[in-house]
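A closer look at the structure
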Amino acid sequence: MKVLVLNAGSSSLKYQLIETDDEKVLVKGGIERIGIEGSNLTQKSEKGEYKVEKPLADHTESFDLLIGCLTSPAFGGVLKDISEIDAIGHRVLHTGTDFKGSVLVTDGNLAILEKNIPLGPLHMPANIACIKSCMKVLPGVPNVAVFDTAFHTTMPDKAAMYAIPYEDYERYKIKRYGFHGTSHKFVSEEAVGYLRSKGLPWDKIVTCHLGNGSSITAVKDGKCVDTSMGMTPLEGVPMGTRSGDIDASVVEMLCDRKGMTPAEVTQYLNKKSGFLGVSGVSSDSRNVLAEAEKGNYRARLALDMFTYRVKKYIGAYAAAMGGLDCIVLTGGIGENSAPLRKDILEGLEFLGVVVDAERNEKCPRGRIFELNTDGSRVKILVIPTNEELVIARETRDIVKKA
């Protein structure tokens, strides 16, 4: 089955075409600046890399261009005809409290997605617009919504609920949902397979998706029991531009002292904080690390705050699960930054976590790799994430079942 995987942002559209029989990526690409001057598409396949610049008013025009590029000989022509696309899988931000897993898009399910826009006002409109564009341009092809929050729906109420009046949860669905679910699902399943193949314990795993956006998840017996992000992706560890955990009273203080509205404070905490706000250098950890190595105090502080909070979450989740068998590191930082991995993992020896410094420094890219010493009780695995493959698999399974 050929599945077109789509990840729509407000002004962007990333895509991959995956043959699910052998899980080969036939083509990948992205469209940027949708509705903005300078719209462009970049596409890569075995036949080469191609780019086109063209005004694109919305996601429908963008999807039209995407389909044309998949079939055009001038762009490598990975498809002879659009009829070869068997299904389309969409990364959708929010399940709300309506779904426990991926769903086939029907008129009824689409109405539920629209009802949940207030839970993800920055992402859900783009997700829905992309789905509608696909239904318009390829009316006979099934669409599947694969939710970023679905993996976390197994959290017990004691972990998912906020201690606010219960009737406000019932009325407004205010609770912790968690995000990066497709990544945590993929790497936790890869970790379980790896550990079981070696006859090792696998039932208590902490997965750390670390990048410009970061989240930590406790996975017990293959299911999420807690995660660091909350009702929105703002909660948790400090990130590229997000503050992470913060006293809610800070919002009122910022409104009062800086003359900001609550919406402006939310933007401030989401877009101007984290690595960027503390360091004053960049939201990119690589740039911040370079400055820290030059002696920049604020850059070093930003990194220390990040690694300290990640370490705290790992310890907390070990306590929540009653033990720890494995730590998984993934994402741009988790897969590629030896210095930050070192700072996160050092000091966890009391849990049975012992890092091999040489392995950490020489960690290869693109495959599962152990960072622990041979004598470490807890395994430390770097696992490259593959969220698009999760979406393709989920889409295939939902369509076949339907």
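This section reports on the structure supplied with the text. (Residues numbered from 1 in each chain as written. Predicted model: local features only at pLDDT ≥ 70, side-chain atom pairs only at ≥ 80, totals over all residues. Heavy atoms only, no water.)

Here's the deal with the sheet that holds strand β2 (residues 13-19)
Strand pairing in a sheet relies on backbone hydrogen bonds. The paired strands run either parallel or antiparallel. The strand order across the open sheet built from eight strands is β5-β4-β3-β2-β1-β6-β8-β7, with neighbouring strands paired in mixed fashion. Strand pairing shows two members of the sheet lacking a second neighbour, β5 (48-53) and β7 (103-104), which therefore form its edges. Direction of pairing for β7 relative to strand β8 (residues 143-147): antiparallel, over a ladder of two bridges. The partner of L104 across the bridge, within β8, is V144. (Pairing = 2+ DSSP bridges. Helix = DSSP H or I, 4+ residues; strand = E, 2+ residues; numbered from the N terminus.)

Looking at the sheet that holds strand β9 (residues 204-209)
Spatially, β11-β10-β9-β12-β14-β13 is the arrangement adopted by the six strands of the open sheet, whose pairing is mixed. Sheet topology places β11 (223-227) and β13 (369-370) at the edges, where each strand pairs with a single neighbour. Taken together, the five bridges between β9 and strand β12 (residues 326-330) define a ladder with parallel strand orientation. The residue of β12 that forms the bridge with V206 is I327. Relative to β9, helix α6 (residues 181-197) is tilted by about 135°, and along the sheet it contacts β9, β10 (215-220), β12, β13 and β14 (379-382). The strands touched by helix α11 (residues 297-321) are β9, β10, β11 and β12; relative to β10, the strand with the most contacts, the crossing angle is about 20°. (Contact = heavy atoms within 4.5 Å. Axes fitted to C-alpha atoms, helices over the stretch in contact; angles between N-to-C directions.)

Quick notes on the environment of D168
Here D168 lies in helix α5 (residues 166-172). Leave out the neighbours within four places in its chain, and D168 touches K173 and I174.

Describing the pairing of strand β4 (residues 40-45)
Summarising the sheet, strand β3 (residues 24-32) and β4 pair through six bridges and their orientation is antiparallel. Counterpart to K28 in the pairing with β4 is K44. Examined bridge by bridge, β4 and β5 share six bridges and lie antiparallel to one another. Following the sheet pairing, K44 is matched in β5 by E49. Here β4 hands over to β5 after two residues, the two strands then running antiparallel side by side.

Some words on the pattern of salt bridges
Counted according to the given criterion, the structure contains 24 salt bridges. A salt bridge links K185 to E189; its shortest N-O distance comes to 2.9 Å. With K185 and E189 both in helix α6, this residue pair falls four residues apart, about one helical turn. We classify E189 as partly exposed; its relative accessible area is 41%. A salt bridge links E394 to K185, with the nearest nitrogen and oxygen atoms 3.8 Å apart. With a gap of 209 residues between them, E394 in helix α15 (residues 387-401) and K185 in helix α6 connect regions that are remote in the sequence. (Salt bridge = Lys/Arg side-chain N within 4 Å of Asp/Glu carboxyl O. Buried < 20%, exposed > 50% of the residue type's maximum accessible area, 1.4 Å probe, protein only.)

A look at the layout of surface pockets
When its volume is computed, the second largest pocket comes out at roughly 260 Å³. For the lining of the second largest pocket, the elements supplying multiple residues, two or more each, are α10 (285-292) and α12 (331-336). Residues that form the lining of the second largest pocket fall into these classes: two nonpolar, seven polar and three charged. (1 Å grid on protein atoms, 1.4 Å probe; cavity = no way out; pocket = protein on both sides within 12 Å on 5 of 7 lines; lining within 4 Å. Points joined across faces, edges and corners; volume = space filled by probe spheres on them. Nonpolar A, V, L, I, M, F, W, Y, C, P; charged D, E, K, R; others polar.)

Description of α15
Structural remark: α-helix, 3.6 residues per turn; residues separated by three or four positions point the same way. Helix length check: α15 (15 residues) gives 21 Å between terminal C-alpha atoms against 21 Å at 1.5 Å per residue, within 8%. Of the residues making up α15, those classed as buried are E387, L389, V390, I391, A392, T395, R396 and V399. Against β1 (2-8), β2, β6 (87-92), β8, α6 and β9 lie the buried residues of α15. (Expected span 1.5 Å × (residues − 1).)

Topic: the packing of helix α1 (residues 59-71) against helix α3 (residues 124-137)
It is the contact of α1 with α3, at a shortest axis distance of 8 Å, that shows an interaxial angle of 55°. Between α1 and α3, the angle is such that the two are oblique. Of the two possible hands of crossing, α1 and α3 adopt the one that is right-handed. Taken together, the residues of α3 that come into contact with α1 (itself represented by H59, T60, F63 and D64) are A126, A129, C130, S133, C134, K136 and V137. Class assignment of the residues belonging to the contact of α1 with α3 gives a composition of six nonpolar, three polar and two charged. (Parallel < 35°, antiparallel > 145°, perpendicular 65-115°, else oblique. Left-handed = near helix turned anticlockwise from the far one by under 90°.)

Side note on the pairing of β11
Bridge count between β10 and β11: four bridges; the pairing is antiparallel. Paired with A218 across the strands is D226, a residue of β11. Once β10 ends, the chain turns through two residues before running back antiparallel as β11, passing D221 with a positive phi of about 55°.

Let's talk about the side chain of T307
Mapped onto the elements of the fold, T307 is located in helix α11. Residue classification places T307 among the buried residues on the basis of a relative accessible area of 6%. A polar contact of 3.3 Å, which involves the side chain of T307, links it to the backbone oxygen of D304. Excluding residues that lie within four positions of it along the chain, T307 makes contacts with L340, D343 and I344. (Polar contact = N/O pair within 3.5 Å; in protein donor to acceptor, adjacent residues only side chain to side chain.)

Some words on the nonpolar core
Judged by nonpolar contacts, the single largest core of 36 residues is most densely connected at L324 and I327. Elements with a minimum of two residues in this core: β9, β10, α10, α11, β12, α13 (338-345) and β14. The leading source of residues in this core is α11, at ten residues. Apart from residues lying up to four places away in sequence, L324 is in contact with K204, V206, I314, A318, L351, V353, R377 and V378. With 25 residues, the next largest nonpolar core counts L66, C69, L70 and I88 among its residues. (Core = buried A, V, L, I, M, F, W, Y, C linked by side-chain atoms within 4.5 Å.)

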